[in-house]
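# Observations on the model geometry
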Amino acid sequence: MIDGDRAGFMATVSGPRAFRAEQRRMFDGLRALPLGSYRLRAEWGALGDLARRSDAARYAGTEQVAIPVTEVRYRLRGADVRPVIEDAYYTYVRRGGRWSVTSDDDVADLGYTTATDLWDFGRVAVQRRPRLVLLRGSCGASVPGRCVHVPGVAATVRVASARVDGLWPGPWPHRVVVIVPASEPELRRLLDVGFDVNRFVAFATYGTDRALRRTGVRVVVNPPVIAQPGRDVEVVLAHELTHVATSYLAGPFVPAWVDEGIAQYVGYDGSPPVADRPSGLPPDAAFTSGTAGAIDNAYRRAAGAVSYIVHRWGMGSFLRFYRRLGAVRIAPGTTRYHVAVALRRSIGVGPRGLVRAWTGPHGP
Ligand SMILES: [Zn+2]
C-alpha cells in the first residue's frame, strides 16, 4: 500500500470479481490519501476465529478458512496524531499452501461488519490546508445517488477553528479531517446509523483504541443539507470542531450532555440557545431519538447546564471537570458515578447540586 504496489496488493486478494473490484477501488482510494502508515493485523486474541462450519462449507476445496478480526491501522500525514484504528472482518482462505483474502462480509449476519470509509467508494479528492485535510468523494458509479457539490468548506472550517481556539482552552493539535461525501447515499453508507441523518448538517465520528481513547475523529458533512441556503454552517462546523478538540481529552464515561453542551457553547460563540425553563440533565438517547422538538430541547438543556457551569465557576473549572472525567478509562462504576465524582472535585457540587443551583432561584 505504502509503495503503491497495486499488483502486489491484489496478489493477496481472491474471491469473486465484485470483491476484487472493491479491493482494487479501495487500494486506489487509499493511495490518493497522504498516508503516513497503513497496517493490517489479524487480532486472534480479540474474538478468536469467527469462522463457522457454514463458512468453511462456503469455501469447499480450500485447505483452511479463518475469520479473525483484522485491525486496520493507518495515519494521515498532517492530520492524525494517533493512528486510526478500525475493524475489518476479512475471510482468509488457504489454497495450495497460500493464504489470500476472499471476502469482507461473511460474518455480517452476526453483527460484525467491516468499517466503511470514503475511499471504499473510489478515488478521493484531497485538499490540504495548514490545519485541515479535506477529503471529498468522487461521485463514482459504485454508490448511485444524486451528487451534490459543496463549495467553500475550507474557508468555513478556518472561521470555525478560530472560534474553537477562542473559547476552548484544552490542548489539541489544531488539525482536523473533514469528509465531504459526494451524495446522501454515500453519507448513509459511511455513518451506518439508525437515526434520520437529514436532521443534521454535519457529524463528528470517531473510533476507540484499545485504551478506550477516541481516535480517527472526523467531521462528516451532510452534502444536501449543508448546501441548503440559510443554514448557519459556521455554527455547525464550530460545534463539530469542538467535538474534535475535546476528543483528545475524552473517555468512555463522558456523557452526551457534556459533549453536546460544550459543543453548543463554543458553536454559538458563548451564547447558545438554552431551555427557557432549565430542567435536569438529558440522557444520551435524548440527542438522537424522539421528535425534532424533543432533540432540540435536549441540546438546549445540555447547553444550559454547561453554560451555567462556565458562567458560575469559569471555563477553567469546566476544563478540569472534562479532563478529570475523560481520564477515567477502564474503571468500575457507572457514567453517573464518574460524572458525580468529577463534578464534585472540579466545581464542588455533584449533579444534583448542579441542577438545584442551575434551576433554583439563584440560577441564570
Ligand atoms: Zn454534537
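Our structure's up above, just so we're on the same page.
Along each chain, residues carry numbers from 1 onward, in the same order as the chain's sequence is written. Under the rules for a predicted model, residues below a pLDDT of 70 receive no local features and side-chain atom pairs below 80 are neither given nor counted, while totals for whole chains, interfaces and linings still include all residues. The basis for every side-chain value is the complete set of heavy atoms in the structure, and neither hydrogens nor water enter the calculation.

Moving on to the overall build of the protein chain. Elements are defined by DSSP. Helices are runs of H or I of four residues or more, strands are runs of E of two residues or more, and each kind is numbered from the N terminus. When helices and strands are tallied, the protein chain shows 13 helices and eleven strands. For this measure, only C-alpha atoms enter the radius of gyration; the expected value for a globule follows 2.2 Å times N^0.38, where N is the number of residues. For a compact globule of 364 residues, the expected C-alpha radius of gyration is about 21 Å, and the protein chain comes in at 22 Å, within 12% of that figure. Projected onto its principal axes, the C-alpha coordinates of the protein chain cover approximately 75 × 45 × 35 Å. In this scheme, a residue with accessible area under 20% of its type's maximum is buried, one over 50% is exposed, and one in between is partly exposed, where area comes from a 1.4 Å probe on protein chains only. Scored against the burial criterion, the 364 residues of the protein chain give a buried share of 50%. Throughout, a residue-residue contact means that at least one pair of heavy atoms, one from each residue, lies within 4.5 Å. Put simply, 67% of the contacts in the protein chain that link residues at least 6 apart link residues at least 24 apart.

A few words now on the nonpolar core. Counting residues in hydrophobic clusters, the biggest one holds 98 residues, and the most contacted among them are Trp119, Leu135, Trp168, Val178, Trp257, Phe318 and Phe321. The biggest single contributor to this core is helix H10 (residues 292-313), with nine residues. In contact with Phe321, other than residues within four places in its own chain, are Trp257, Val258, Val339, Ala342, Leu343 and Ser346. Here, nonpolar core refers to any group of buried Ala, Val, Leu, Ile, Met, Phe, Trp, Tyr and Cys residues whose side-chain atoms link them within 4.5 Å. In this structure, Leu50, Ile67, Tyr89 and Val107 belong to the second largest nonpolar core, which totals five residues.

Now for the coordination of the zinc ion. The textbook angles at a metal center are 109.5 degrees for a tetrahedron of four donors and 90 or 180 degrees for an octahedron of six. The protein atoms that coordinate the zinc ion are His239 (NE2), His243 (NE2) and Glu260 (OE), at distances spanning 2.0 to 2.1 Å. Each metal's donors are the N, O and S atoms within 2.8 Å of it, or within 3.2 Å when it is Na, K or Ca, and because water is not part of the set, sites may look incomplete. All donor residues of the zinc ion come from one chain, and their arrangement in sequence is H-x3-H-x16-E. Of this pair, His243 sits in helix H8 (residues 233-247) while Glu260 sits in helix H9 (residues 256-267), and the two are 17 residues apart along the sequence. Judged by its relative accessible area of 11%, His243 falls in the buried class.

Next up on the list: the layout of surface pockets. Where empty space is left can be seen by rolling a probe of water-molecule size over the atoms. Cavities and pockets are found on a 1 Å grid laid over the protein atoms alone: a cavity is a set of points where a 1.4 Å probe fits but cannot escape, a pocket is an open set with protein on both sides within 12 Å along at least five of seven lines, and a lining residue has an atom within 4 Å of such a point. Grid points are joined across faces, edges and corners, and a volume is the space filled by probe spheres set on the points. By volume, the second largest pocket amounts to about 340 Å³. Looking at the lining of the second largest pocket, the elements that each hand over two or more residues are helix H12 (335-347) and helix H13 (351-359). No other element matches H12, which puts four residues into the lining of the second largest pocket. Partitioned by chemical class, the residues of the lining of the second largest pocket number seven nonpolar, one polar and four charged. Amino acids outside the nonpolar list (Ala, Val, Leu, Ile, Met, Phe, Trp, Tyr, Cys, Pro) and the charged list (Asp, Glu, Lys, Arg) are all regarded as polar, and Gly is one of them.

One requirement defines pairing of two strands: DSSP has to find at least two bridges between them. The strand order across the open sheet formed by five strands is E7-E8-E9-E11-E10, and the pairing between neighbours is mixed. At either end of the open sheet lies a strand with only one pairing partner, and these are strand E7 (124-129) and strand E10 (202-208). Adjacent strand axes in the sheet meet at a mean angle of 25° when their direction is disregarded. The sheet contact formed by strand E8 (residues 132-137) and strand E9 (residues 176-180) spans five bridges and is parallel. Bridge pairing in E9 links Val133 to Val177. Contacts from H8 reach E9, E10 and strand E11 (214-221), with the element oriented near 175° to E11. Orientation is described by lines fitted to C-alpha atoms, with helices fitted over the stretch in contact, and by angles between N-to-C directions that extend from 0 to 180 degrees.

By the secondary structure assignment, Arg214 is in strand E11. Accessibility expressed as a relative area gives 8% for Arg214, which makes it buried. Discounting residues that sit within four places of it in the chain, Arg214 has contacts with Arg82, Tyr206, Gly207, Thr208, Ser247, Ala250, Gly251, Val254, Asp259 and Tyr322.

In this section: empty space enclosed by the protein. For the coordinates displayed, the defined rule picks out one cavity of 30 Å³ or more. Within this model, the largest cavity holds a volume of roughly 110 Å³. Forming the boundary of the largest cavity are 15 residues, of which Asp80, Val81, Gly216, Val217 and Tyr248 lie nearest the centre. Looking at the lining of the largest cavity, the elements that each hand over two or more residues are E9, E11 and H8. Considering only residue class, the lining of the largest cavity consists of seven nonpolar, three polar and five charged.

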